[in-house]
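# Summary of structural features
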Amino acid sequence: MGKTHFETVIIGSGFGGLCMGIKLKEAGREDFVIVEKAEEVGGTWRENTYPGAECDIASALYSYSFAPNPAWDFKWAKQKQIHIYQRGIARDYGLYDHLKFGRTVISASFADGVWTTTFRDGEVLTSRFLVSAIGQLHIPKTPEIEGAEKFEGASFHSAQWDNSFDYVGKNIGVIGNAASAIQLIPELAEVADKLTVYHRTPNWIIPKKDRPYSRLEKWLGKKVPALGKLYRFSLFAQGEYFVWRIIQGKPLARKLGEIWVKSGLKKHIKDPELRAKMLPDYPMGARRILLSDKIYPAFARENVEVVTKGLDRFTKDGLVTKDGTERQHDLVVYATGFHTNPFLKEIDVRGEGGVSLKDHWAEGAQAYMGTMTDGFPNLFILYGPNTNTGHTSIIYKLENQIGYVVKLIEKTAGVIAVKPEAESEFSAEMQRRLKDLAWSKVDASWYKVGDKVPNNWPGSALEFKRRFKTPDWEAYEITE
């Protein structure tokens, strides 16, 4: 049957779960297991295999600071190479010995200082600490459209791409035009007979300036690590000192960003009507700022149609918009993003007294330092409420948060719980500061639940690092 009790159970083997395992090993706390629902590590970079899938954070920054990869092929890493990097990390740091694959968690409950984690097949593991490393972007969101069951063509979400389907020469409809859509649309446009893009809200899209790294650059990155660190900092600085200022609403930064976006529109899209459809009417930064070199040229192709009329229904042959126009499709792709709230949506988590986490967060998720929530002792949430970023690498934030969690674990011989007043004060600070930022300037986005922004950190990345450096022990109750 094997070992069933551990000091720490980690749920998920994406960047967060792998880093948590590495840092526990470095701290000499080898009694942990990483449970993963799939048969390999990787998280979102294992799941998302759609054409054109790549990161929108430069690869040198979208990797662990302690494990640089001078072998990146492109400035913006493609999905396959990111996944190769993750598997190499798991191998090089001895994490496969700690991994249990095919383990889908359905519930976790806390009692008498112990977390009990139950899996779909009935297996149960117990542990003193439980770490959620399942992230925010892993549950595909597919809109309900009338008549979807009648459609006789193929249809699937971008995060559930059917690699057996041959889309070359087909008539394709793509619903959505955000982060995943702007990567896959250019790839489909190259080979489709006709591509129709259905979208409602345009996005601020700045040029990516992607390019392959030369052999000399790779050689220098390998032989002169200091150059790699300097380059990584330069990428960090672009987000910290330019993009962050856009989100803050700084007039000069926002104006420069808007000029940059409009120059790309004007260069590639000559049709003034289409150009107007592509220009957002909300402040830059209020929704996720996107990066692409390819999307505007794709929209300008003769075989691509951009439709902004709302969708009404499916027919057996395709889609009908609200103006009554029907368009036939062989394939419909939902590039419609993910459920980001509530956090831990698919797991029934119960804390002290059997209280459900879903009920505890009924008015929106919150957690002290984005990591612990009142009534759920010894539970740590990586990439939790108010830790997301709109301008830098989430891996940078995960490293800082994980270092903080390891300090909490090392301090705790029994049970650690956050004080309710500490959580309330922290959450009030988050929402008060977020109201002044671009994310609060739109009625709805994936960052928001009503008037609350439960996802994002309201400060700079450097502030995040500073505040996660040393725990404020007054915020916690620690008992034997």
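Use the structure listed above.
Residues numbered from 1 in each chain as written. Predicted model: local features only at pLDDT ≥ 70, side-chain atom pairs only at ≥ 80, totals over all residues. Heavy atoms only, no water.

## A few points about the packing of aromatic side chains
Evaluated as defined, the whole model comprises 28 aromatic pairs. Ring geometry for W161 and Y167: centres 6.0 Å apart, planes at 80 degrees, overall edge-to-face. Accessibility classification places W161 together with Y167 in one group, the buried group. An aromatic cluster of at least three residues, connected via ring pairs, comprises F15, W45, Y62, Y64, F66, W72, Y85 and Y93. One cation-aromatic arrangement involves K78 over F74; the distance from NZ or CZ to the ring centre is 4.4 Å. Between K170 and the ring centre of F165, over which it is positioned, the NZ or CZ distance is 5.8 Å. (Phe/Tyr/Trp six-rings, centres within 6.5 Å; stacked < 30°, edge-to-face > 60°. Buried < 20%, exposed > 50% of the residue type's maximum accessible area, 1.4 Å probe, protein only. Lys NZ or Arg CZ within 6 Å of the ring centre and 35° of its normal.)

## Considering helix α6 (residues 225-248)
Given a rise of 1.5 Å per residue, 24 residues ought to cover 34 Å, and the 33 Å separating the end C-alpha atoms of α6 matches this to within 8%. If you follow the buried residues of α6, they end up packed against α7 (251-268), α11 (394-411) and α13 (461-467). Downstream of α6 by a residue or two, G249 has a phi angle that is positive, lying close to 90 degrees. (Helix = DSSP H or I, 4+ residues; strand = E, 2+ residues; numbered from the N terminus. Expected span 1.5 Å × (residues − 1). Contact = heavy atoms within 4.5 Å.)

## Comments concerning the packing of α6 against α7
Two elements in contact, α6 and α7, have axes whose closest approach is 8 Å; the angle formed by their N-to-C orientations is 105 degrees. Comparing their axes, α7 and α6 come out roughly perpendicular. Here F242, R245, I246 and I247 of α6 lie close against α7, whose contacting residues are A253, R254, L256, G257 and W260. (Axes fitted to C-alpha atoms, helices over the stretch in contact; angles between N-to-C directions. Parallel < 35°, antiparallel > 145°, perpendicular 65-115°, else oblique.)

## Focus: the sheet that holds strand β15 (residues 326-328)
In space, the 3 strands of this open sheet follow the order β13-β14-β15, with antiparallel pairing throughout. In the strand order of this sheet, the two ends are held by β13 (311-314) and β15, each with one partner. Between one strand axis and the next, the sheet turns through 25 degrees on average, direction left out of account. (Pairing = 2+ DSSP bridges.)

## A few points about the pattern of salt bridges
In this structure the tally under the stated criterion is 28 salt bridges. A salt bridge links R91 to D92; the nearest nitrogen and oxygen atoms lie 3.3 Å apart. Where K294 meets E187, a salt bridge forms, and the shortest distance between an N and an O atom there is 3.4 Å. Placement of K294 in the loop between β11 (290-291) and α9 (295-299) and of E187 in helix α4 (residues 181-191) is noted, with a sequence separation of 107 residues between them. A single network of salt bridges, built from pairs that share partners, joins E54, K78, K208 and D210. (Salt bridge = Lys/Arg side-chain N within 4 Å of Asp/Glu carboxyl O.)

## Details of the sheet that holds strand β8 (residues 171-175)
If you walk across this open sheet you meet the 5 strands as β7-β16-β8-β9-β12, and the pairing is parallel. Every other strand in the sheet has two partners, leaving β7 (154-157) and β12 (304-307) as the edge strands with one partner each. Pairwise comparison of adjacent strand axes, ignoring direction, gives a mean angle of 15 degrees for this sheet. The pairing of β8 with strand β9 (residues 194-198) spans 5 bridges and is classified as parallel. Bridge pairing in β9 places G173 opposite T196.

## Observations regarding the nonpolar core
Judged by nonpolar contacts, the single largest core of 114 residues is most densely connected at M20, I185, L195 and F299. Sequence-distant contacts of M20, defined by excluding residues within four places in its chain, comprise I10, V131, L382, I402, V405, V406 and I409. Counting residues in hydrophobic clusters, the runner-up holds 23 residues, among them I11, V33, A108 and I347. (Core = buried A, V, L, I, M, F, W, Y, C linked by side-chain atoms within 4.5 Å.)

## A look at the pairing of strand β14 (residues 318-321)
Side-chain direction in a regular strand flips from residue to residue, so the side chains alternate between the two faces of the sheet. Pairing analysis gives 3 bridges linking β13 to β14, with the strands arranged antiparallel. Note on β14: the bridge partner recorded for L311 is T321. The antiparallel pairing of β13 with β14 creates a hairpin that spans 3 residues between the two strands. As defined by bridge partners, β14 adjoins β15 across 3 bridges and the pair is classed as antiparallel. Residue pairing in the sheet places G318 in a bridge with Q328 of β15. The loop that links β14 with its antiparallel partner β15 comprises 4 residues; one of these, G324, has a positive phi angle of about 90 degrees.

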